[in-house]
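Spelled out, the chains give:
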Amino acid sequence: MTLTFEDFPTGRYGTFGPRHVTRDEILAFAAEFDPQPMHLDEEAASKSMLRGLSGSGWHLCSLMMRMMADGFITRAASLGSPGVDEVRWLSPLRPDDDLTLDVDVLEARTSKSRPNLGIVKFKCTMRNAKGEVLGEMVSPILIERRAGAV
C-alpha cells in the first residue's frame, strides 16, 4: 500500500529502530566524509570537548534518513523534499549506541500551487538506548495526495 498525504495527520507518526551503530561504522564514515580527530582517533577524541570517540553529526543525519526511508518514505508517494529546515546535534553518537527514531508530523498542508500534492513537515528525534536525544531534524517532504482527494 502506498502512503499518501492523507496518511500523515499531525501528531506522532511512529518510532523506528533500534539500529545498532558500531565503532567500525563510525570510523569508516568519518574517514570518508568527516575526517576530524574526534571521529577518527580515540586519544584525540578523549581530549576533545566530546570526551571520547563520537560519530559525525553528518553520520547521525545519514542514519536518520536511512531509518526514515526504511520506516515509511520508500512506501510513500514522496516527490522529494525542498530541503531541511533545521538540524541540531545535541549529544554525541557513540560506538555501540542502539538508536531509535521518533517521527512526528508537525504540519500537513495542501500545496496552493499544486493541489495534487501536500507538504508534510516532519520532526525526527534520534535517541540512544538511555533515552538521550542525540539529534533532531525538521524537514518538509512533498507527498502526493490520494486519488479523488483534490
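Below you will find a few notes about this structure. (Residues numbered from 1 in each chain as written. Predicted model: local features only at pLDDT ≥ 70, side-chain atom pairs only at ≥ 80, totals over all residues. Heavy atoms only, no water.)

**Here's the deal with the packing of aromatic side chains**
Alright, step 1. Within this structure, the stated rule accounts for nine aromatic pairs.
Alright, step 2. An angle of 35° between the planes, with centres 5.0 Å apart, marks the rings of Phe8 and Tyr13 as tilted.
Alright, step 3. Look at Phe72 and Phe122: their rings are 5.2 Å apart centre to centre, the planes differ by 40°, and that puts the pair in the tilted class. With a gap of 50 residues between them, Phe72 in the loop between α4 (57-71) and β2 (78-80) and Phe122 in strand β5 (residues 117-127) connect regions that are remote in the sequence.
Alright, step 4. Judged by relative accessible area, Phe72 falls into the buried class, the value being 1%.
Alright, step 5. The class for Phe122 is buried, based on a relative accessible area of 1%.
Alright, step 6. Taken together, the ring pairs connect Phe8, Tyr13, Phe16, Phe72 and Phe122 into an aromatic cluster. (Phe/Tyr/Trp six-rings, centres within 6.5 Å; stacked < 30°, edge-to-face > 60°. Helix = DSSP H or I, 4+ residues; strand = E, 2+ residues; numbered from the N terminus. Buried < 20%, exposed > 50% of the residue type's maximum accessible area, 1.4 Å probe, protein only.)

**Side note on α4**
Alright, step 1. Helix length check: α4 (15 residues) gives 21 Å between terminal C-alpha atoms against 21 Å at 1.5 Å per residue, within 8%.
Alright, step 2. Regarding α4, the residues found buried are Gly57, His59, Leu60, Cys61, Leu63, Met64, Met67, Met68, Ala69 and Gly71.
Alright, step 3. The elements touched by buried residues of α4 are β1 (11-20), α1 (23-33), β3 (86-89), β4 (98-110), β5 and β6 (133-144).
Alright, step 4. Between the side-chain oxygen at the start of α4 and the backbone nitrogen of Trp58 there is a gap of 3.0 Å, and the oxygen is on Ser56. (Expected span 1.5 Å × (residues − 1). Contact = heavy atoms within 4.5 Å. Polar contact = N/O pair within 3.5 Å; in protein donor to acceptor, adjacent residues only side chain to side chain.)

**Re unusual backbone geometry**
Alright, step 1. With an omega of 5°, the peptide bond between Gly17 and Pro18 qualifies as cis.
Alright, step 2. Relative to the helices and strands, Pro18 resides in strand β1.
Alright, step 3. Located in the positive-phi region is Arg51, a residue other than glycine, with phi close to 55°.
Alright, step 4. Along the chain, Arg51 turns up in the loop between α3 (42-46) and α4.

**Notes on α1**
Residues lying three or four places apart along an α-helix face the same way, a consequence of the helix completing one turn every 3.6 residues.
Alright, step 1. Taken together, the buried positions of α1 are occupied by Ile26, Leu27, Phe29 and Ala30. Viewed end-on, α1 has its buried residues packed into an arc of 165°, placing them on one side of the element. In α1, the exposed positions angled more than 90 degrees off the buried face are occupied by Asp24, Ala31 and Glu32. (Arc of directions from axis to C-beta.)

**Notes on a nonpolar patch on the surface**
Alright, step 1. Nonpolar side chains collect at one region of the surface, where Trp58, Val84, Val87 and Trp89 lie side by side and expose about 410 Å² of accessible area between them.
Alright, step 2. Position of Trp58 relative to the elements: it lies in helix α4. (Patch = residues over 30% accessible without salt bridge, like charges linked within 9 Å, V, L, I, M, F, W, Y side chains within 5 Å. Areas by Shrake-Rupley, 256 points an atom, 1.4 Å probe, with all protein chains shown as cover. Salt bridge = Lys/Arg side-chain N within 4 Å of Asp/Glu carboxyl O.)

**Looking at the packing of α1 against α4**
Alright, step 1. Where α1 contacts α4, the two axes come as close as 10 Å, and the packing angle between them is 110°. Looking at the two axes, α1 sits roughly perpendicular to α4. Handedness of the α1/α4 crossing: right-handed. The residues of α4 that touch α1, namely those facing Glu25, Ile26 and Phe29, are Trp58, His59 and Ser62. (Axes fitted to C-alpha atoms, helices over the stretch in contact; angles between N-to-C directions. Parallel < 35°, antiparallel > 145°, perpendicular 65-115°, else oblique. Left-handed = near helix turned anticlockwise from the far one by under 90°.)

**What about the nonpolar core?**
Alright, step 1. The biggest cluster of nonpolar side chains holds 30 residues, and the ones touching the most others in it are Phe8, Met68, Phe72, Leu93, Leu101, Phe122 and Met126.
Alright, step 2. Broken down by secondary-structure element, the contributors of at least two residues to this core are α1, α4, β4, β5 and β6.
Alright, step 3. Ranked by residue count, the leading element in this core is α4, at five residues.
Alright, step 4. Residue contacts for Phe8: discarding those within four places in its chain leaves Leu3, Tyr13, Phe72, Ala76, Val105, Ala108, Val120, Phe122 and Ile143. (Core = buried A, V, L, I, M, F, W, Y, C linked by side-chain atoms within 4.5 Å.)

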